[in-house]
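# Notes for the structure review
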Amino acid sequence: MELNSGLKGKTLRIEDAGRFLTKRPFSLMLKPVGSRCNLNCSYCYYLKQSSVSEVMDIQILKRAIEETVLLNDTPEISFCWHGGEPLMAGIDFFVKAVEIQNEAVEKKVRNGLKKPIIINTIQTNGTLINRNWCRFFSENNFLVGISIDGPEEIHNYYRVNRAGERLYEKVIEGLELLRDNDVEFNALCTINSKSKGRGREVYKFLKSKGVKYIQFLPVVDPGKDWGTESEDFGNFMKDVFREWWENEDAGSYYVQLFDVALANYLGVPCGLCQLNPVCGDVPVLESNGDVFCCDHFVNNFNYLGNLNEISLAQAVFSRRIAAFGADKSATLPMECKNCKFKTLCNGGCPEHRVLKQSQDFDLNYLCKGYKMFFEFALPYFKKMADQICSDRV
């Protein structure tokens, strides 16, 4: 089979070859206002990649939603609304988006196809949340991710607006509105230089605010003040795990890394692209219609086209995105291939593979940290796996 030149000289796993031949389920990440944001966080990766900042045209929105619903033959179809700050598009924009989704589902059913469930998730910095937003989220079953880095001192250090103002209190106000209005939400918490050694403290703080689902996101930006070091990341997650385990929080509080690593340990799909063997199933749509393989790779090489000129199918089922996804396994360095934890992290996110290796592919910057955490957590994973298996008997 003739492969995309992006894989030339690399080893393609046989289980990934089908990505070049078949249509695959995908989720769509949409940037309704591109990279526009009311904050100016020091470590923001998206502002470095994109200058698109207009509100998405309704015709582009309509085409993207209709084609995503049509092209996915799955029980659930997922839309992730991201930014920048997506709430800057306004409630009316999202009311229209939900209306288009419902119409697309009805059309699918009229054509004799099974009715899918639409899943909407949205990531916000929390500063614009009010009761109207909470009512909309609740009525339309949106899962809200709110960005909060921990206690005030940590959160405010790198997260400021363009006037340099620190908005911790506004974020807490938004979080409490979500919590008190029964909106389903989770916290996205970066691990940066200011959270070094404070894993237990950050975890306990989030629990105190009523957060039950937590995604910890290490900031990888070598040479920058805000970046985390690999070992600091590993120690942070070990401390969080200790606090979680000692308080018997399993089943009541959920930490994404624990869940997905345990899934990989059990040999079941983990559902997180970063720790999957392949990626590329969450293409990103910019507000101007540009489509890219991933929102961490918004560049010319990973550009798939513009919806004003091509269909969404031409973009998401292209060889370019298939090669992008398969490339994750095809470019694993030997250190990863020979690692006893390979099946737990699968080399991590390709964005973080920045450590140059002699005559080999680049290694993940967080490799040492992942090894530290997995070495520590493995006995606990075994206990949890044994319990899960015994419960199924």
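Reading the values: the criteria
- Here the residue numbers are simple positions, counted from 1 along each chain's written sequence.
- The predicted origin of the model limits local features to residues at a pLDDT of at least 70 and limits the giving and counting of side-chain atom pairs to 80 or more, whereas totals for whole chains, interfaces and linings rest on all residues.
- Note: side-chain values were computed over all heavy atoms of the structure, leaving out hydrogens and water.
- Numbering goes from the N terminus for both helices and strands, where a helix is a DSSP run of H or I of at least four residues and a strand is a run of E of at least two.
- Between the two quantities, the radius of gyration covers C-alpha atoms and the globule rule is 2.2 Å times the number of residues to the power 0.38.
- Only protein chains enter the accessibility calculation, which uses a 1.4 Å probe. A residue is then buried if its area is under 20% of the maximum for its type, exposed if over 50%, and partly exposed in between.
- It only takes one pair of heavy atoms within 4.5 Å for two residues to be counted as in contact.
- Residue exposure ignores everything except the shown protein chains as possible cover, and the areas themselves are Shrake-Rupley values with a 1.4 Å probe.
- Note on charges: Lys and Arg go in the positive column, Asp and Glu in the negative column, and His and the chain ends are not counted at all.
- For charged residues, the charge sits on one atom: NZ in Lys, CZ in Arg, CG in Asp, CD in Glu.
- Between any two strands, at least two bridges found by DSSP are needed for them to pair.
- Crossovers are described as right-handed under a simple rule: with the strands pointing away from the observer, the path leading from the first strand over the helix to the second runs clockwise.
- A helix is expected to reach a length of 1.5 Å times the quantity of its residues less one.
- The rule for a salt bridge is simple: a side-chain nitrogen of Lys or Arg has to be within 4 Å of a carboxyl oxygen of Asp or Glu.

### Some details on the overall build of the chain
- Secondary structure assignment for the chain yields 13 helices and 12 strands.
- Relative to the 2.2 N^0.38 estimate, which gives 21 Å for 393 residues, the radius of gyration of the chain is 21 Å and therefore close to what a compact globule would have.
- Projected onto its principal axes, the C-alpha coordinates of the chain cover approximately 55 × 50 × 50 Å.
- When burial is assessed residue by residue, the chain has 53% of its 393 residues classed as buried.
- Counted over contacts in the chain with a minimum sequence separation of 6, partners at least 24 positions apart contribute 72%.
- With an accessible surface of roughly 18,300 Å², the chain has 49% of that area assigned to carbon and sulfur atoms.
- Of the charged side chains in the chain, 48 are positive and 50 negative, and the gap between their average positions amounts to 4 Å.

### What about the sheet that holds strand S7 (residues 254-255)?
- One open sheet holds the 10 strands; their spatial order is S7-S6-S5-S4-S3-S2-S1-S8-S9-S10, and the pairing between them is mixed. The open sheet has two edge strands, S7 and strand S10 (303-306), and neither has a second partner.
- The pairing of strand S1 (residues 28-30) with strand S8 (residues 284-285) spans 2 bridges and is classified as parallel. In the sheet register, leucine 30 faces S8, and the bridge partner there is leucine 285.

### What to know about the pairing of strand S6 (residues 213-218)
- Alternating residues of S6 divide into Ile214, Phe216 and Pro218, all buried, and Tyr213, Gln215 and Leu217, none buried.
- As paired elements, strand S5 (residues 185-191) and S6 share 5 bridges and run parallel to each other. Looking across to S6, one finds that isoleucine 191 is bridged to proline 218.
- Each parallel crossover has a hand, and for S5 linked through helix H6 (residues 199-208) to S6 it is right-handed.
- Direction of pairing for S6 relative to S7: parallel, over a ladder of 2 bridges. Looking at S7, one finds that tyrosine 213 is bridged to tyrosine 254.

### Focus on helix H8 (residues 256-266)
- Among the residues making up H8, those that are buried are Leu257, Phe258, Val260, Ala261, Leu262, Ala263 and Asn264.
- Glycine 267 lies just past H8 and shows a positive phi near 80°.

### Brief notes about unusual backbone geometry
- Omega for the peptide link from glycine 83 to glycine 84 comes to 10°, which places this bond in the cis form.
- Phi at asparagine 141 takes a positive value of approximately 55°, unusual for a residue other than glycine.
- You will see that asparagine 346, though not glycine, has its phi angle at about 50°, which is positive.
- By the secondary structure assignment, asparagine 346 is in the loop between helix H12 (342-345) and strand S11 (353-357).
- Since its relative accessible area comes to 8%, asparagine 346 is described here as buried.

### Comments concerning helix H1 (residues 58-71)
- If you check H1, its first and last C-alpha atoms are 20 Å apart, about what 14 residues at 1.5 Å a residue would give, namely 20 Å.
- Listed in full, the buried residues belonging to H1 are Ile60, Leu61, Ala64, Ile65, Glu67, Thr68 and Val69.
- Those residues of H1 that are buried lie in contact with S1, strand S2 (76-81), helix H2 (91-110), strand S3 (117-124), S8 and helix H9 (312-316).

### With respect to the pattern of salt bridges
- Tallied over the entire structure, the rule returns 18 salt bridges.
- Residue arginine 198 is joined to glutamate 153 by a salt bridge in which the shortest nitrogen-to-oxygen separation is 3.2 Å. Of the two residues, arginine 198 sits in the loop between S5 and H6 while glutamate 153 sits in helix H4 (residues 152-158), which places them 45 residues apart along the sequence.
- On the basis of relative accessible area, glutamate 153 is assigned to the exposed category, the value being 56%.
- Arginine 200 serves as the salt-bridge partner of glutamate 246, at 3.1 Å between the closest nitrogen and oxygen. Linking glutamate 246 in helix H7 (residues 230-246) with arginine 200 in helix H6, this pair joins segments that are 46 residues apart in sequence.
- By relative accessible area, glutamate 246 is classed as exposed at 52%.
- Its relative accessible area of 27% is what places arginine 200 among the partly exposed residues.
- Salt bridges here are not isolated pairs; linked through shared partners, they connect Glu153, Arg198 and Glu201.

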